[in-house]
Amino acid sequence: MRLTFDIISWGAWSPLYQEALDWQHWQAPTTASPSPIKAPKLQQVPAMQRRRLSPLTKILLAAAFQTNPPSQCRSIFSSQHGEINRTMALLNDITVSQGLSPTHFSQSVHNTASGIFSILTKNYAPSTAIAAGTASLSQALIEAYAQLNENPEPILVVYGDEPVPSIFRTFNSQPEWPIAMAFVLKKQSKNLHLDSQYNPKLSIDINSKQDTAELLHYGQILQALARKKPLVGLINHQLWSLTFD
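A few points on the structure.

What counts, and where the lines are drawn
- Residues numbered from 1 in each chain as written.
- Predicted model: local features only at pLDDT ≥ 70, side-chain atom pairs only at ≥ 80, totals over all residues.
- Heavy atoms only, no water.
- Helix = DSSP H or I, 4+ residues; strand = E, 2+ residues; numbered from the N terminus.
- Expected span 1.5 Å × (residues − 1).
- Buried < 20%, exposed > 50% of the residue type's maximum accessible area, 1.4 Å probe, protein only.
- Contact = heavy atoms within 4.5 Å.
- Phe/Tyr/Trp six-rings, centres within 6.5 Å; stacked < 30°, edge-to-face > 60°.
- Pairing = 2+ DSSP bridges.

Some details on helix α2 (residues 55-66)
Residues three or four positions apart in an α-helix share a direction because the helix packs 3.6 residues into each turn. If you check α2, its first and last C-alpha atoms are 17 Å apart, about what 12 residues at 1.5 Å a residue would give, namely 16 Å. Of all 12 residues in α2, 10 are buried, a share of seventy percent or more. L56, T57, K58, I59, L60, L61, A62, A63, A64 and F65 are the residues of α2 that are buried. Packed against the buried residues of α2 are β1 (2-13), α1 (47-50), α5 (112-121), β4 (155-161) and β5 (179-187). Trailing α2 by a residue or two, N68 shows a phi angle of about 50 degrees, which is positive.

Remarks on the packing of aromatic side chains
Here the structure, examined in full by the defined rule, presents 5 aromatic pairs. Relative to F117, the ring of F77 has its centre 5.8 Å away and its plane inclined at 50 degrees; by these criteria the two rings are tilted. Of the two residues, F77 sits in strand β2 (residues 74-78) while F117 sits in helix α5, which places them 40 residues apart along the sequence. Taken as a pair, F77 and F117 share a single burial class, namely buried. Here a set of aromatic residues connected by ring pairs shows up, and it is made of F65, F77 and F117.

Some details on the pairing of strand β6 (residues 200-205)
The buried fraction of β6 is high, at 6 of 6 residues. Burial along β6 is two-sided: the face carrying P200, L202 and I204 and the face carrying K201, S203 and D205 are both buried. Sheet topology note: the β1/β6 ladder contains 5 bridges and is antiparallel. Counted as the bridge partner of T4 is S203 from β6. Relative to strand β8 (residues 238-244), β6 runs antiparallel, the two sharing 6 bridges. Across the sheet, residue K201 finds its bridge partner in β8, namely T243.

Such coordinate-based values are descriptive only and should not be taken to indicate function.
Structure, rendered in structure tokens:
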């Protein structure tokens, strides 16, 4: 089954590539040291609230804000590990009999970012949180496809993860750095009068058998979007393609 979307807008954040145009210069992962910037500034968020946010929530919000989604836009937030770093910090506090921070506790759930986003933007539209292991992004897109078939209004999809605590790193190989990406999507349009210079379409074949295709990094997709270049390859055994009308 092939799922195809029109990408209305997109955004992405990592320590090395913090704006959409930065991704034109993306390079495959190396042993180079990451940028010292560990979290986005989030100037849209009042300082009092910003200080309470976890690094993961900050990068998810940064990517989402870059898309400038429509008001009252439905949203889907996905992450493989969610707020695991904040949860581990709380568990460590328990082991040393230290009192738990009510703020940290309330923001240790998997839908933290979606809740914070709705509060900050006064967005009362439905929001979904998804955790599906290494398929978290593709499952979010499957959910988006299903929702768009019920209601064609654009939908915001946000995905992000950060490195897991050191105790888990022998069981997990990614992500190497924090990364978040966001897309405002709508159903594939048949209207040939859309802007032909930049009308990206993202397709996913969820039953792909083409195991000989190139394996892709998320960075390659973001670079292709930034450079407006088509791309085809495999992510998690699914065939992804990016095209431009």
